[in-house]
Amino acid sequence: MTSSTPARAPRPTALVTGATAGLGAGFAHSLARRGHDLVIVARDETRLESTAAALRAEHGVDVEVIAADLSVRADLQRVAERVASPGAPVDVLVNNAGFGLKQRFFDGVPGDHERMFDVLCRAVMVLSRAATGAMVPRGRGRILNVGSVAGLVPGGGHYSAAKAYVIVLTETLAGELKGSGVSATVVEPGYVRTEFHARSGMRSGGGSGLTNRIWLDIDDVVDSALDDLFAGRTVSIPTRRWKLVSTALDVVPRRLVSRVWNAMPSGAKRRHPGQH
């Protein structure tokens, strides 16, 4: 008589954009620890392969890589097709890819702002639609979009406008999905210590106690966002202090918020919370 080993139940799969650094890398590692296989997306194929090897070695999960620039429509379409694949379903989509610009909107480089719109807004729209088209018929799935407290700030430049789009799109989507078994969550972090700020020359702590307290570690944001995602909450704002900031931005007249923002030094105004 021979005995057979029961087949391992398939792990759920999560697809993370911008997964090789910052919040994206944090989401990839945390999802792997939570038992997900991964599809990771970024522009740099060498860095993708290095990240995938580290994830496999550390967590023992399967990792698929897709090298894609989400501002290029053909690349975005390839990622959308993977998200919607019926034969290899994606259970969790994390729309994380993003970047900021150190230039104003009205006299900045038009092509740079168009690329920001494509990555921060159009890619989120296209991939969220591809995901829901596959998830709703299955009756399960989760979408996490990375917004920002900056999306609540009028006068915060094109980045704030893009993040406002992500917030409202996610809230709209969450309402449409009620009762479907599929959920949508937007995380709205404040300032996060990532390599984005190091590249832009922005200090992340090391100053006054107040300055240090406004900064979040990547794990603060990732763990809070994923807990809220799997709990089915629509909005995730990490830490009590940033919840208070968000509440204040909701209740203070927008004209006053805009006036205060426009009175700030121009360098500070280009430094938005949540850039990743």
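These notes cover the structure that comes with them.

What counts and how
Residues numbered from 1 in each chain as written. Predicted model: local features only at pLDDT ≥ 70, side-chain atom pairs only at ≥ 80, totals over all residues. Heavy atoms only, no water. Helix = DSSP H or I, 4+ residues; strand = E, 2+ residues; numbered from the N terminus. Expected span 1.5 Å × (residues − 1). Bend = angle between axes of the 7 residues up to and from the residue. Core = buried A, V, L, I, M, F, W, Y, C linked by side-chain atoms within 4.5 Å. Buried < 20%, exposed > 50% of the residue type's maximum accessible area, 1.4 Å probe, protein only. Contact = heavy atoms within 4.5 Å. Axes fitted to C-alpha atoms, helices over the stretch in contact; angles between N-to-C directions. Parallel < 35°, antiparallel > 145°, perpendicular 65-115°, else oblique. Nonpolar A, V, L, I, M, F, W, Y, C, P; charged D, E, K, R; others polar. Phe/Tyr/Trp six-rings, centres within 6.5 Å; stacked < 30°, edge-to-face > 60°. Lys NZ or Arg CZ within 6 Å of the ring centre and 35° of its normal. Pairing = 2+ DSSP bridges. Salt bridge = Lys/Arg side-chain N within 4 Å of Asp/Glu carboxyl O.

Turning to helix 4 (residues 110-138), a few remarks are in order. For helix 4, spanning 29 residues, the distance from its first C-alpha to its last is 41 Å, which sits close to the expected 42 Å at 1.5 Å a residue. Taken as a whole, helix 4 carries its principal kink of about 35 degrees at Arg-122. Just past helix 4, the residue Gly-139 takes up positive phi, approximately 80 degrees.

Grouped together as the largest cluster of nonpolar side chains are 34 residues, with contacts concentrated most on Leu-15, Val-79 and Val-83. When contributions to this core are tallied by element, the ones reaching two or more residues are strand 2 (37-42), helix 3 (73-83), helix 4, helix 5 (157-177) and strand 6 (182-187). Take this core: its biggest share by element is 10 residues, from helix 4. When near neighbours in sequence (up to four residues on either side) are disregarded, Leu-15 contacts Val-39, Val-41, Val-79, Arg-82, Val-83, Val-90, Val-92, Leu-93 and Val-94.

Running from N to C, helix 4 and helix 5 cross one another at 10 degrees; their axes reach a closest spacing of 9 Å. As the angle between them shows, helix 4 and helix 5 are arranged roughly parallel. Contact residues: helix 4 offers His-113, Met-116, Phe-117, Leu-120, Cys-121, Val-124, Met-125, Ser-128, Thr-132 and Val-136, while helix 5 offers His-158, Tyr-159, Ala-162, Lys-163, Tyr-165, Val-166, Leu-169, Leu-173 and Leu-177. Of the residues belonging to the contact of helix 4 with helix 5, the class tally is 14 nonpolar, 4 polar and 1 charged.

In the structure shown here, the tally under the stated rule is 0 aromatic pairs. In this structure, Arg-115 is placed above the aromatic ring of Phe-99, and the distance from its NZ or CZ to the ring centre is 4.7 Å.

With that settled, consider the sheet that holds strand 1 (residues 13-17). One open sheet accounts for 7 strands, arranged 3-2-1-4-5-6-7; its pairing is parallel. Each of the sheet's edge strands pairs with one partner strand only, and the pair in question is strand 3 (63-67) and strand 7 (235-236). Of the strand pairs in this sheet, strand 6 and strand 7 are connected by 2 bridges, and their pairing is parallel. Of the residues in strand 7, the one forming a bridge with Val-186 is Val-235. In the packing of helix 2 (residues 45-59) onto the sheet, contacts are made with strand 2 and strand 3, and the angle to strand 3 comes to roughly 170 degrees. Its contacts with the sheet put helix 3 on strand 1, strand 2, strand 3 and strand 4 (92-95), and the angle it makes with strand 3 is roughly 155 degrees.

Within the secondary structure, Gly-35 sits in the loop between helix 1 (22-33) and strand 2. In this structure Gly-35 comes out as partly exposed when scored by relative accessible area, which is 26%. With 24 residues separating them in the primary sequence, Gly-35 and His-59 have C-alpha atoms 8.4 Å apart. Setting aside residues up to four positions removed in sequence, Gly-35 forms contacts with Arg-11 and Pro-12.

Here we take up the environment of Gly-141. Relative to the helices and strands, Gly-141 resides in strand 5 (residues 141-146). Linking Gly-141 and Asp-91, residues 50 residues apart in sequence, is a C-alpha distance of 4.8 Å. Setting aside its immediate chain neighbours within four residues, Gly-141 contacts Asp-91, Met-135, Gly-181, Val-182 and Ser-183.

To continue, consider the pattern of salt bridges. Inspection of every chain in the model, using the stated rule, returns 7 salt bridges. When the shortest N-O distance is used, the salt bridge between Asp-228 and Arg-233 registers 2.7 Å. Under the relative-accessibility criterion, Asp-228 is labelled buried at 12%. Relative accessible area serves as the criterion here: at 44%, Arg-233 is assigned to the partly exposed category.

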